[in-house]
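Listed below are the residues making up each chain.
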Amino acid sequence: MTVYRVRMSVPELIRIVSRDSPMALAQVERVRAELAALHPGVRTEVVPVKTTGDKWMGDLSQVEGKGAFTKEVDAALLAGEADLAVHCVKDIPADRPLPAGTTFAAFLKRDDIRDALIHPGGLTLDELPAGTRIGTSSVRRVAQLAATHPHLQCVPFRGNANRRLEKLAAGDADALLLAVAGLERIGRTDVISEVLSPEVMMPPIGAGILALQCREGDSELIDAVSGLGDPDTYREATAERMFLHVLQGHCNSPIAGYARVDRGGELSLRACVFTPEGKTRLNAHEWAGRLDPATLGTSVAVALLRQGAREIIDGIPH
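Below is a short write-up of the structure. Note that the coordinates shown come from a computational prediction; the quantities given were computed from them, not determined experimentally.

### Side note on the overall build of the protein
Part 1: Per the secondary structure count, the protein includes ten helices and 13 strands.
Part 2: Over its C-alpha atoms the protein spans a radius of gyration of 20 Å, differing by no more than 12% from the 20 Å that the globule rule assigns to 318 residues.
Part 3: With respect to the principal axes defined by its C-alpha atoms, the protein has extents near 70 × 45 × 35 Å.
Part 4: Across the 318 residues in the protein, those meeting the buried criterion constitute 51%.
Part 5: Once local pairs closer than 6 in sequence are excluded, the contacts in the protein between residues at least 24 apart make up 69%.

Here it is as C-alpha cells:
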C-alpha cells in the first residue's frame, strides 16, 4: 500500500509580537526554537512592543488593570503588524473573551507554577525576621503572606524581573517574590533562596503557561503552530480560565489556583479566593471525572461562589 504524506503548508515568514521585556523576548526565543524544530527552514521575525503595564509603575488598577500587559500586543496582531502573539496566560484577562477576531492556536507545555523567595542572605521564608520588607505588588501574594507570615511587611514592587532584582540589590526591599518560571526563562535561578510549594504560596491562574494567539482567519498559520501545543496544558489552562471567567474577579481580587493532570490522566482543579488582608480564605478542590475541563472550572467557581466569593470580590475597591 502506498502511503502519501501531505506536507503541511507553512507561511514563509511568521512575525511574532510580544512585550519587549527580557523575559518576554526569552519566551519568544523558545517559540522560535520550537517552531524551527517542528518546521525546519521556517523564517521568524520578532516584533517587540512596550505595553501599558510595562510603562506604568503604579497600581495597575489605575490603568484598567486587566489587559495592561496584552492590549498593545493584541492591537499589533489585529492591525496585521504581526501574525502570532506570545502571551503569559496569567496576564490574559479571563473575565472577558479574547479580542474579536483572535483565537488561541496553542498552549505550550507548562513550566514551573511555583513562586520563589529571593533573599540576599539566603534565608527561607520561615527564617525571615519580623519587619522584613518583601517586594511584591501582587495582591495574591500579599494576601497569602498576611495570613501565614503577618510579621513580614510587603512593599510595592513593579517592573520586569530584571528590574525588580536591581531594586532589591539597591536596597528597596529586603527580599523578593518572583515566579520560578520567569527566573528560569531569564537564566537567574541562581538567586533563588527557596522555592515555595503551592501549599505555601498558591500560584496565579495560568502560572507557567505560554499561549500562542493568532487571527481567526489565518488557518494556515494556526495549523502550523498548533503542533507546539501540549494536550495536558490545554486541559489545565481551559479549566483555570473558565474558573476565572465564571468568578469575574477584578485586578485587586486575590484569587489563586491551579489545575493539574496527574500521571493517570485525571484532571483536578484547586482554587482559593482571599480577602486582601488574608483573614478569610475560601477553598475548593474538585476532580473532573467525566467532566470536560471547562465544566470543571465552572464547578469549582460555583463552589466558591456558594461560600461567599462574590461578596468578597465585590467588596474590594478597584
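Don't stop here, the text continues.
### A look at unusual backbone geometry
Part 1: Phi at glutamine 248 is positive, roughly 55 degrees, even though this residue is not glycine.
Part 2: Position of glutamine 248 relative to the elements: it lies in the loop between helix H8 (231-247) and strand E11 (255-261).
Part 3: A relative accessible area of 37% means that glutamine 248 is categorised as partly exposed.

### Thoughts on the nonpolar core
Part 1: Formed by 25 residues in total, the largest nonpolar core has its most connected members in Phe243, Leu247, Val273 and Leu304.
Part 2: Within the residue set of this core, elements represented by two or more residues are H8, E11, strand E12 (267-274), strand E13 (281-287), helix H9 (293-306) and helix H10 (309-314).
Part 3: Broken down by element, this core gets its largest block of residues, five residues, from H9.
Part 4: Ignoring sequence-local partners within four residues, the contact set of phenylalanine 243 consists of Ile205, Ile255, Leu269, Ala271, Gly297, Val300, Ala301 and Leu304.
Part 5: Within the second largest apolar cluster, 19 residues are counted, among which are Leu35, Leu84, Val86 and Leu210.

### Some thoughts on the packing of H8 against H9
Part 1: It is at 7 Å that the axes of H8 and H9 come closest, and there the two elements cross at 35 degrees. The two elements H8 and H9 meet at a crossing, and its hand is right-handed. Contacts between H8 and H9 pair Arg235, Thr238, Ala239, Met242, Phe243, Val246 and Leu247 from the former with Pro293, Ala294, Leu296, Gly297, Thr298, Val300, Ala301, Leu304 and Leu305 from the latter.
Part 2: Taken together, the residues that form the contact of H8 with H9 break down as twelve nonpolar, three polar and one charged.

### What to know about the sheet that holds E11
Part 1: With respect to topology, three strands assemble into an open sheet ordered E11-E12-E13, the strand pairing being antiparallel. At either end of the open sheet lies a strand with only one pairing partner, and these are E11 and E13. In this sheet, neighbouring strand axes are inclined to one another by 10 degrees on average, regardless of whether the strands run parallel or antiparallel.
Part 2: Set on the sheet, helix H4 (residues 139-148) makes contact with E11, E12 and E13; between it and E11 the angle comes to about 100 degrees.

Conventions we followed
- Residues numbered from 1 in each chain as written.
- Predicted model: local features only at pLDDT ≥ 70, side-chain atom pairs only at ≥ 80, totals over all residues.
- Heavy atoms only, no water.
- Helix = DSSP H or I, 4+ residues; strand = E, 2+ residues; numbered from the N terminus.
- Rg over C-alpha atoms; globule rule 2.2 N^0.38 Å.
- Buried < 20%, exposed > 50% of the residue type's maximum accessible area, 1.4 Å probe, protein only.
- Contact = heavy atoms within 4.5 Å.
- Core = buried A, V, L, I, M, F, W, Y, C linked by side-chain atoms within 4.5 Å.
- Axes fitted to C-alpha atoms, helices over the stretch in contact; angles between N-to-C directions.
- Left-handed = near helix turned anticlockwise from the far one by under 90°.
- Nonpolar A, V, L, I, M, F, W, Y, C, P; charged D, E, K, R; others polar.
- Pairing = 2+ DSSP bridges.

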